[in-house]
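# Understanding the architecture of this molecule
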Amino acid sequence: MRVSAKSDYALRALIEMAGRSDRKAVSAEELGRIQDIPHGFLQAILADLRRAGIVMSQRGQSGGWRMAREAEGVSVADVIRAVDGPLVSVYGLRPEAVEYNESAEVLQHVWIAARRSLRDVFEQVSIRQLADRDLPAQVTERTADEDAWQPH
């Protein structure tokens, strides 16, 4: 799996917002500076997150961006889908929509199984957990395996 810069930046910006104890709006400039995210790219990402109802913008003197929903209710999967689309796609299609000939149709099962595995992690981790650095046990158990860290 390839994690796009867009997804990585979106998650980093949301961790920053959720980690603020005052829950006040934060400017895109400050988010970009703290997380080293290019400003123009961040603006486009924040617009995607706003369209998905994950963040909201606030105008005025104390304007900026803040979470539109509770961080506990926003998963990593929600964020990836908001900025990049489906978790798994084949030629831009969802795996169940891809058609293969008889000899290759088994590939569809591989793509769907991969999507299920990604969901098992991405749908279980919330922005709150990321901000609190408190991952669910089923995620930390997967990283405890030495082989998980090997670049196969």
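Scroll up for the structure.
All of these numbers come straight from a predicted model, not from anything done at the bench.

Here we come to the overall build of the protein chain. Broken down by element type, the protein chain carries seven helices and two strands. If you line up the protein chain on its principal axes, its C-alpha atoms span 60 × 35 × 25 Å. Buried positions account for 34% of the 152 residues belonging to the protein chain. Approximately 9,500 Å² of the protein chain is accessible, and the part contributed by carbon and sulfur atoms is 48%. The distance from the centre of the 20 positive side-chain charges to the centre of the 23 negative ones in the protein chain is 9 Å.

On the surface, a nonpolar cluster with roughly 230 Å² of combined accessible area is contributed by V106, L107 and V110. Its relative accessible area of 52% is what places V106 among the exposed residues.

It is worth spelling out the nonpolar core at this point. Nonpolar side chains in soluble globular proteins generally cluster together in the buried interior. The biggest cluster of nonpolar side chains holds 34 residues, and the ones touching the most others in it are L14, M17, L49, V79 and I127. Listing elements by their share of this core, those giving two or more residues are α1 (5-18), α2 (28-35), α3 (39-51), β2 (64-67), α4 (76-84) and α5 (106-122). Counting residues per element, this core draws most heavily on α1, which supplies seven residues. Residues in contact with I127, not counting those within four places in the same chain, are L11, L14, I15, A18, M67, A71, V74 and V79.

Every buried residue of α2 is listed here: A28, L31, G32 and Q35. Along the axis of α2, the buried positions cluster into a sector of 95 degrees, meaning they face one direction only. Contact partners of the buried residues in α2: α1, α3 and β2.

Per the stated rule, a full pass over the model turns up twelve salt bridges. Each of K6, D48 and R51 takes part in one network of salt bridges that share partners.

Let us look at the packing of aromatic side chains. Counted under the stated rule, the structure contains one aromatic pair. Seen from their ring centres, Y9 and F41 are 5.5 Å apart, and the 80 degrees between their planes marks the pair as edge-to-face. Here Y9 is found in helix α1, whereas its partner F41 is found in helix α3, with 32 residues between them in sequence. We classify F41 as partly exposed; its relative accessible area is 33%.

Next up on the list: the packing of α1 against α2. As a packed pair, α1 and α2 sit with axes 10 Å apart at the nearest point and diverge in direction by 110 degrees. What the angle tells us is that α1 and α2 run roughly perpendicular. Counting all contacts with α1, which are made through R12, A13, E16 and M17, the residues of α2 involved are L31, I34 and Q35. Its residues assigned to classes, the contact of α1 with α2 shows four nonpolar, one polar and two charged.

Turning our eyes to something else, we now look at the pairing of strand β1 (residues 55-58). Both β1 and β2 contribute to a ladder of four bridges, which runs antiparallel. Across the sheet, S57 pairs through a bridge with W65, a residue of β2.

The rules behind each value
- Starting from 1, residues in each chain are numbered consecutively following that chain's sequence as written.
- In keeping with the model being predicted, local features are shown solely for residues with a pLDDT of at least 70 and side-chain atom pairs are shown and tallied solely at 80 or more, while totals for entire chains, interfaces and linings include all residues.
- Values reported for side chains reflect all heavy atoms of the structure, with hydrogen atoms and water molecules removed beforehand.
- Per the convention used, a helix needs a DSSP run of H or I reaching at least four residues, while a strand needs a run of E reaching at least two, with both numbered from the N terminus.
- For every residue, the accessible area obtained with a 1.4 Å probe (protein chains only) is divided by the maximum for its type, and the residue is called buried under 20%, exposed over 50%, and partly exposed between those limits.
- Residue burial considers only the protein chains on display, and all accessible areas are found by Shrake-Rupley using a 1.4 Å probe.
- Residues scored as positive are Lys and Arg, those scored as negative are Asp and Glu, and His as well as the terminal groups of each chain are ignored.
- Charge positions are represented by NZ for Lys, CZ for Arg, CG for Asp and CD for Glu.
- Patch rule: a residue counts if its relative accessible area is over 30% and it has no salt bridge; like charges are joined within 9 Å, and nonpolar side chains (Val, Leu, Ile, Met, Phe, Trp, Tyr) within 5 Å.
- Salt bridges are defined by distance alone: a side-chain nitrogen of Lys or Arg within 4 Å of a carboxyl oxygen of Asp or Glu.
- Residues belong to a common nonpolar core when they are buried Ala, Val, Leu, Ile, Met, Phe, Trp, Tyr or Cys residues joined through side-chain atoms within 4.5 Å.
- Whether two residues are in contact is decided by their heavy atoms, any of which lying within 4.5 Å being enough.
- The arc refers to the directions leading from the helix axis to the C-beta atoms.
- Note on aromatic contacts: the rings of Phe and Tyr and the six-membered ring of Trp form a pair at centre separations within 6.5 Å, being stacked when their planes are under 30 degrees apart, edge-to-face when over 60 apart, and tilted otherwise.
- An axis is simply a line fitted to the C-alpha atoms; with a helix, the fit covers only the stretch in contact. Between two such axes, the angle follows the N-to-C directions and lies from 0 to 180 degrees.
- When an angle is under 35 degrees it counts as roughly parallel; over 145 it counts as roughly antiparallel; between 65 and 115 it counts as roughly perpendicular; any other value is oblique.
- As a working rule, the residues Ala, Val, Leu, Ile, Met, Phe, Trp, Tyr, Cys and Pro are called nonpolar, Asp, Glu, Lys and Arg charged, and the rest polar, with Gly in that last group.
- Only strands joined by at least two bridges in the DSSP assignment are considered to pair.

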